[in-house]
Amino acid sequence: KQEVTQIPAALSVPEGENLVLNCSFTDSAIYNLQWFRQDPGKGLTSLLLIQSSQREQTSGRLNASLDKSSGRSTLYIAASQPGDSATYLCAVSPISSGSARQLTFGSGTQLTVLP
Amino acid sequence: SAVISQKPSRDICQRGTSLTIQCQVDSQVTMMFWYRQQPGQSLTLIATANQGSEATYESGFVIDKFPISRPNLTFSTLTVSNMSPEDSSIYLCSVVGAGSSGANVLTFGAGSRLTVL
């Protein structure tokens, strides 16, 4: 059974810092990995999706990497801003299936960027 | 990606009552899902809403407690029946659509935050 772990559970940084959020998964046979952002009491916003054949994806100040063999992904946030404060979740889907039915979510990292 | 409208955005309910959450998508989608997020927890899939047939429930979730309708390819409802305080959660509707990469990207509604007293 796939298990997804996110460390740390919470992180507080001053504005302007670069930071890295970690996601690890136990079964490397994945189809893709997706990073989401969730604001308090709200739904999820998809940030980046990495296919199993890819090493990284970039969107603005965000860069997500994937090392499938070691079961790890990182989300790098450059020049953090108070508006980046949210919970960041990663989720993986198993190989041969893009079906969200089998998506496994991590428990998230709660990020606070202090002004 | 698809735009999802979910309502109500939040509600406070009395124990023993039922509440229906609606999910409207701006385009036809094949796969639509309902998730639950209990306080401080990650997301758990409740069921897959199938158009024209009964929903497919995950382990630990049953139709009597969470009846689901999917009358067409753009709309679904989830009912939380006979609510108890343990049902206090955020309920999220999601769909799979083609992202910019061409892959199956999961898109979520804003969620419905239920508090059961």
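Above this text sits the structure in question.
Residues numbered from 1 in each chain as written. Chains lettered and ligands numbered in written order. Predicted model: local features only at pLDDT ≥ 70, side-chain atom pairs only at ≥ 80, totals over all residues. Heavy atoms only, no water.

## Considerations on the environment of B:Leu78
Residue and element names in this part refer to chain B. Among the secondary structure elements, Leu78 is positioned in strand β8 (residues 75–80). Considering only alpha carbons, one finds Leu78 and Glu58, 20 residues apart in sequence, at a separation of 14 Å. The residues contacting Leu78, other than those within four sequence positions of it, are Leu19, Thr20, Ile21, Trp34, Ile46, Phe66, Pro67, Ile68 and Tyr91. (Helix = DSSP H or I, 4+ residues; strand = E, 2+ residues; numbered from the N terminus. Contact = heavy atoms within 4.5 Å.)

## A closer look at the interface of chain B and chain A
Facing 23 residues of chain B, the contacting portion of chain A comprises 20 residues. Both sides together, the interface formed by chain B and chain A hides about 1600 Å², and carbon and sulfur atoms give 57% of it. Applying the counting criterion to the chain B and chain A interface returns four residue pairs in polar contact (both at pLDDT 80 or more). Of all the elements in the fold, those that place two or more residues in the side of chain B that touches chain A are β4 (32–37), β5 (43–49), β9 (89–98) and β10 (104–108) of chain B. If you tally residues by element for the side of chain B that touches chain A, the top one is β10(B), at four residues. (Buried area = accessible area lost by both parts, 1.4 Å probe. Polar contact = N/O pair within 3.5 Å; in protein donor to acceptor, adjacent residues only side chain to side chain.)

## A look at the packing of aromatic side chains
Two measures describe an aromatic ring pair: the distance that separates the ring centres and the angle between the ring planes. Following the criterion strictly, the structure yields seven aromatic pairs over all chains and no others. Taking 5.7 Å as the distance between ring centres and 40 degrees as the angle between the ring planes, the aromatic pair formed by A:Phe36 and A:Phe105 counts as tilted. Of this pair, A:Phe36 sits in strand β4 (residues 30–38) while A:Phe105 sits in strand β10 (residues 104–105), and the two are 69 residues apart along the sequence. Each of the two residues, A:Phe36 as well as A:Phe105, counts as buried. Ring geometry for A:Phe105 and B:Phe108: centres 6.1 Å apart, planes at 75 degrees, overall edge-to-face. Residue A:Phe105 is found in strand β10, and its partner B:Phe108 is found in strand β10; the two belong to separate chains. Per residue, the accessibility class of A:Phe105 equals that of B:Phe108, and both read buried. (Phe/Tyr/Trp six-rings, centres within 6.5 Å; stacked < 30°, edge-to-face > 60°. Buried < 20%, exposed > 50% of the residue type's maximum accessible area, 1.4 Å probe, protein only.)

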